[in-house]
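Given next are the chains, with one letter for each unit.
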Amino acid sequence: MVADESTVPVSLGERSYTITIRAGLLGRLGDQLGAAGVTGKVGVVTDRNVARHYGKPVLAALRHAGVDAVPIVLPPGERSKTLSTVGKILDVLARHRFERKSLLLALGGGVVGDLTGFAAAIYQRGIPFIQVPTTVVAQVDSSVGGKTGVDHRLGKNLIGAFHQPKAVWIDPVALRTLPEREWIAGLAEVIKYGVIADREFFAYLDRSMPALRTRKPDVVAAAVKRSCEIKADVVAADERESDRRRILNYGHTIGHALEALGGYRSLIHGEAVGIGLVQEADLACYQGLCDRQVVQDIRRVVSAAGLPDRMPRGSAGKLWQAMLHDKKVSGGRVVGVWPEAIGRVRIAPIEQQVFEQWYTTAVTGRTGDEGRTRGRRTGSSHRRAI
């Protein structure tokens, strides 16, 4: 069980802040802002889907508390994560004469958070912002750590800045309104934390996945809190992603490439990461970095979450080129995060020849191991071409 309110510190010296997890927090945002000493204008950045559920009550609560709130409503989805959209946010800020003491509130999922944070980072050379995440991915991952930015047509998150939020305020109740597909997709990021850093948490997810699938409140709160703790520890150790923080990219080397090749239409982020979790483990096994049981354990939990786990049909060359355009490339080499055991990973480059040899077995399933056979059976409805 998790208490009605939990806090997780993110220790970054003068840029430190606190993650607050509290059921019903959305209804008390005005009081939260007052307690945080926020004065001046507040731009509430959200998207149309979130605004439909929370826009009016949040704005009413802020205005009731005397906050000068300016709504900025964006089109939903990854395709809005562009410099053009950031320009529209900046237009509103300039038109309403936002100042350096003004603040932005990111009310929504990862796309809203990344856009809002980037706009805050560059408007008047930096204004504060607060993350109020409303999706699983945003609550457990993207809202924490200060990575902000937008996509480029050649790759995901290629343009951005590090800009830490003033605070992260999480209301787990907001997850109740998530569509089922978005809910399931978000579980990929939760599973990631168990693989990279906490074997016991991975075992907890293995046992508790049926309860997570049905959104049992105490299990959801526990999963969100532990995910935030792991993310906060990693960020505190490596704020600018020069070393340890790169372990958070597990599942994303292949995942981001699949998203890009699908034009951000065929797979949403968490679905692509779900495939990446299993397939990058399989690729680690192919390289001799872990045994087959690690792959099978990860596949079992990913499949239980309802996530896809198989490589789509397509071209190894195209996927490799998409991976080369990712921001995780270093010195022209693709650098991946490879599980050695549940709870322990290593960061290492991979050569194109090794990747293409593995890809042939991953797509055709010719290795014949039990895990891949099970994957063909459970994951067939998710298989797409790239």
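Residues numbered from 1 in each chain as written. Predicted model: local features only at pLDDT ≥ 70, side-chain atom pairs only at ≥ 80, totals over all residues. Heavy atoms only, no water.

## Some details on helix H10 (residues 269-286)
Since the α-helix advances by 3.6 residues per turn, residues separated by three or four positions end up pointing in the same direction.
Item 1. Between the first and last C-alpha of H10 there are 25 Å, a value that for 18 residues agrees with the 26 Å anticipated at 1.5 Å per step.
Item 2. Burial analysis of H10 places 17 of its 18 residues in the buried class, which makes it a mostly covered element.
Item 3. Gly288 sits one or two positions beyond H10 and adopts a positive phi of about 80°. (Helix = DSSP H or I, 4+ residues; strand = E, 2+ residues; numbered from the N terminus. Expected span 1.5 Å × (residues − 1). Buried < 20%, exposed > 50% of the residue type's maximum accessible area, 1.4 Å probe, protein only.)

## Things to note about the packing of helix H7 (residues 199-213) against helix H8 (residues 217-237)
Item 1. It is the contact of H7 with H8, at a shortest axis distance of 10 Å, that shows an interaxial angle of 150°. Seen along the crossing, H7 lies across H8 with a hand that is left-handed. Here Phe201, Tyr204, Ser208, Ala211 and Leu212 of H7 lie close against H8, whose contacting residues are Val219, Val220, Ala222, Ala223, Arg226, Ser227 and Ile230. (Axes fitted to C-alpha atoms, helices over the stretch in contact; angles between N-to-C directions. Left-handed = near helix turned anticlockwise from the far one by under 90°. Contact = heavy atoms within 4.5 Å.)

## A look at the pairing of strand E2 (residues 17-22)
Item 1. E2 sits mainly inside the fold: five of its six residues count as buried.
Item 2. Sheet topology note: the strand E1 (residues 5-10)/E2 ladder contains six bridges and is antiparallel. What sits directly across from Glu5, in E2, is Arg22.
Item 3. Between E1 and the antiparallel strand that follows it, E2, lie six residues; Gly13 among them carries a positive phi value of about 65°.
Item 4. By the bridge criterion, three bridges tie E2 to strand E9 (residues 167-170) in an arrangement that is parallel. The residue of E9 that forms the bridge with Ile19 is Val168. (Pairing = 2+ DSSP bridges.)

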